[in-house]
Amino acid sequence: MVEVRKVSNQRQLRQFIDFRTELYKNCPTAVPYLYMDEERTLNPRKNGSFESCEADYFLAWRDGKVVGRIAAIINRQANERWQNKVVRFGWFDFIDDPEVSKVLLQTVEEWGRKRGMTQIAGPMGFADTDREGMLVEGFDTMSTMYANHNYPYYVDHINRLGFRKDNDYVECLVKVPETVPEKIAHVARLAEERYHLKVHKLTRKELLRDGYGREVFDMLNITYKDLYGFAELGKRKVDQLVQQYIRIADLNLVSIVVDTEHDNKMVGFGITFPSLSEAMRKTTDGRLLPMGWWHLLDAIYWHHADTVDMLLLGVLPEYRAKGANAVIFNDLIQQYIRYGFKWAQAMPQMETNHNVLSNWEYFDAHINKRLRCFIKEI
């Protein structure tokens with residue numbers, strides 16, 4: 001018999017985080033998530049998303065052992081934005097037992113129903129910057145820290161429980177070319193000459209003290225506003241993202257495009273990181289101690305990886321037809337070539353976002369993963 005218990009103390013939260021690591025310890029394509037990031041995201045006192053969210057976490061137990069986990073989340077701001085009443089499920093992991101997956105999802109359904117929700121959807125996080133979607137294709141490809149990775153049996157379980165497809169994301173693997181494709185370079189030159197766009201390489205001071213890091217995420221709120229399930233990031237959440245990620249970035253791999261005719265107004269950004277997948281696999285269960293920090297620094301600053309992860313890309317709508325995307329790619333590709341990266345892994349993009357997906361037509365690129373968000377009436 002499976003018993004579901006709500007996480008109510010720090011010890012149980014550790015069990016909640018560690019279950020996924022234990023479940024995937026023998027999976028050759030799984031990468032541990034960074035423990036400190038998971039703990040920070042799940043802690044209401046540390047995660048700015050709780051300004052507009054409420055959540056509870058549940059563990060499934062059988063015979064004194066954890067056999068599954070799930071988070072129940074309501075993002076009030078997203079529900080208001082999209083005019084729906086959705087309870088989200090996330091952090092959904094379980095052994096290959098239909099009873100376990102069923103009781104976990106039923107727990108979230110009941111939790112949401114008591115709060116007036118009429119639909120359940122996921123996997124989703126608190127905000128668009130959290131991992132979203134269940135892997136449905138690409139099980140044999142190496143995962144990343146930034147996207148969900150799961151066993152194939154997850155898909156069979158959720159399909160049997162009456163869920164339907166709500167949204168698909170795809171990830172593209174791009175071969176880094178020996179030179180910038182001429183089409184990209186040509187459009188970038190025209191954008192610079194005709195529309196006075198140029199790349200600005202941020203300094204650490206500009207990012208942290210002069211507000212440019214915050215401006216990047218303010219722009220993300222504009223450029224991502226129509227994407228699936230998106231809710232605007234609040235000031236507290238933005239400040240946390242700047243401190244967690246932007247402050248440690250290799251700034252050569254961050255591209256900011258400005259309009260020099262309009263007071264160097266920021267009009268586009270591209271944020272990329274050397275892949276941390278192999279570094280994370282060398283940590284102890286995703287923890288920085290005793291030597292996990294060294295492996296991450298080695299990847300971030302000494303680039304001992306052959307892949308770069310393309311995390312975020314955004315261009316203001318009025319600048320998309322002016323070639324701002326090409327200016328970003330022209331700069332980043334030159335950096336990738338200089339650092340010796342062989343591959344670029346684009347993070348999940350909506351399959352219907354043809355403007356973004358069209359960027360890859362000038363490269364040797366292919367879709368190597370597909371993730372799906374499911375939905376069901378409750």
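Look above for the structure.
Residues numbered from 1 in each chain as written. Predicted model: local features only at pLDDT ≥ 70, side-chain atom pairs only at ≥ 80, totals over all residues. Heavy atoms only, no water.

Moving on, we get to the overall build of the protein. Assigned secondary structure in the protein consists of 13 helices and 14 strands. A globule of 378 residues ought to have a C-alpha radius of gyration of about 21 Å, and the protein, at 21 Å, matches this closely. Taken along the three principal axes of its C-alpha coordinates, the protein extends 70 × 45 × 40 Å. Within the protein, residue pairs in contact and separated by at least 24 positions form 77% of the contacts whose partners lie at least 6 positions apart. Total accessible area on the protein is roughly 17,000 Å²; 49% of this is exposed by carbon and sulfur atoms. Here the protein holds 51 positive side-chain charges and 52 negative ones, and the gap between their average locations is 4 Å. (Helix = DSSP H or I, 4+ residues; strand = E, 2+ residues; numbered from the N terminus. Rg over C-alpha atoms; globule rule 2.2 N^0.38 Å. Contact = heavy atoms within 4.5 Å. Areas by Shrake-Rupley, 256 points an atom, 1.4 Å probe, with all protein chains shown as cover. Lys, Arg positive; Asp, Glu negative; His and termini not counted. Charge placed at Lys NZ, Arg CZ, Asp CG, Glu CD.)

Let us now look at the nonpolar core. Within soluble globular proteins, side chains that are nonpolar generally end up buried alongside one another. By size, the foremost hydrophobic cluster in this structure holds 68 residues, and its most contacted members are Phe217, Ile256, Leu276, Tyr336 and Trp360. Per-element accounting of this core gives the leading share, nine residues, to helix H12 (residues 324–339). Apart from residues lying up to four places away in sequence, Trp360 is in contact with Cys172, Val174, Met310, Phe329, Ala346, Gln349 and Ala365. (Core = buried A, V, L, I, M, F, W, Y, C linked by side-chain atoms within 4.5 Å. Buried < 20%, exposed > 50% of the residue type's maximum accessible area, 1.4 Å probe, protein only.)

A few words now on the environment of Gln345. Among the secondary structure elements, Gln345 is positioned in strand E12 (residues 343–346). Residue classification places Gln345 among the buried positions, given a relative accessible area of 6%. Linking Gln345 and Ile367, residues 22 residues apart in sequence, is a C-alpha distance of 9.9 Å. Residues within four places of Gln345 in sequence aside, it is in contact with Thr144, Glu171, Cys172, Leu173, Thr307, Val308, Asp309, Met310, Asn368 and Lys369. Of the polar contacts made by the side chain of Gln345, one reaches the backbone oxygen of Cys172; its length is 3.3 Å. (Polar contact = N/O pair within 3.5 Å; in protein donor to acceptor, adjacent residues only side chain to side chain.)

Scanning the entire structure with this criterion turns up 28 salt bridges. Across the pair Asp226 and Arg81 runs a salt bridge, and its minimum N-O distance is 3.0 Å. Pair noted here: Asp226 is in the loop between helix H8 (212–223) and helix H9 (235–244) and Arg81 is in helix H3 (residues 76–82), with a separation of 145 residues, a long-range link. Its relative accessible area of 51% is what places Asp226 among the exposed residues. The partner of Arg370 in a salt bridge is Glu137, with the nearest N and O atoms 3.6 Å apart. Here Arg370 is found in strand E14 (residues 365–377), whereas its partner Glu137 is found in strand E6 (residues 134–137), with 233 residues between them in sequence. Using a relative accessible area of 16% as the deciding quantity, one classes Arg370 as buried. (Salt bridge = Lys/Arg side-chain N within 4 Å of Asp/Glu carboxyl O.)

This part takes up the environment of Val86. Looking at the secondary structure, you find Val86 in strand E4 (residues 86–94). According to the relative accessible area criterion, Val86 is buried, its value standing at 8%. Val86 sits 157 residues away from Gln243 along the chain, and the two C-alpha atoms are 30 Å apart. Setting aside residues no more than four positions away along its own chain, Val86 makes contact with Ile73, Ile74, Asn79, Met117, Gln119 and Ala121.

So, about unusual backbone geometry. Comment: phi is negative for the bulk of residues other than glycine, and the bulk of peptide bonds are trans. The omega torsion across Gly122 and Pro123 is 0°, close enough to zero to call that bond cis. Within the element layout of this structure, Pro123 appears in the loop between strand E5 (119–122) and E6. A positive phi angle, close to 55°, is found at Asp63, a residue other than glycine. When you line up the elements, Asp63 lands in the loop between strand E2 (53–62) and strand E3 (65–75). Residue Gln83 is not a glycine yet carries a positive backbone phi of 55°. With respect to the helices, strands and loops of the structure, Gln83 is situated in the loop between H3 and E4. Judged by its relative accessible area of 68%, Gln83 is exposed.

Below, the discussion takes up the packing of helix H6 (residues 182–194) against H12. Between H6 and H12, the least distance of the axes is 8 Å, while the angle of their chain directions is 120°. For the element pair H6 / H12, the angle class is oblique. The hand of the H6/H12 crossing is left-handed. Counting all contacts with H6, which are made through Ile184, Ala185, Val187, Ala188, Ala191 and Glu192, the residues of H12 involved are Ala326, Val327, Phe329 and Asn330. Broken down by class, the residue content of the contact of H6 with H12 amounts to eight nonpolar, one polar and one charged. (Axes fitted to C-alpha atoms, helices over the stretch in contact; angles between N-to-C directions. Parallel < 35°, antiparallel > 145°, perpendicular 65-115°, else oblique. Left-handed = near helix turned anticlockwise from the far one by under 90°. Nonpolar A, V, L, I, M, F, W, Y, C, P; charged D, E, K, R; others polar.)

Once that is clear, we can look at the packing of aromatic side chains. The tally for this structure, following the rule as stated, stands at 18 aromatic pairs. Relative to Phe163, the ring of Phe89 lies with its centre 5.8 Å away and its plane at 70°, an arrangement referred to as edge-to-face. Here Phe89 is found in strand E4, whereas its partner Phe163 is found in the loop between helix H5 (153–160) and strand E7 (164–175), with 74 residues between them in sequence. Of the two residues, Phe89 and Phe163, neither departs from the other in class, the shared state being buried. Taking 6.0 Å as the distance between ring centres and 90° as the angle between the ring planes, the aromatic pair formed by Tyr339 and Phe341 counts as edge-to-face. Taking the ring centre of Tyr24 as reference, the NZ or CZ of Arg20 above it sits at 4.7 Å. Above the plane of the ring of Trp82 lies Arg81, whose end atom (NZ or CZ) is 4.2 Å from the centre. (Phe/Tyr/Trp six-rings, centres within 6.5 Å; stacked < 30°, edge-to-face > 60°. Lys NZ or Arg CZ within 6 Å of the ring centre and 35° of its normal.)

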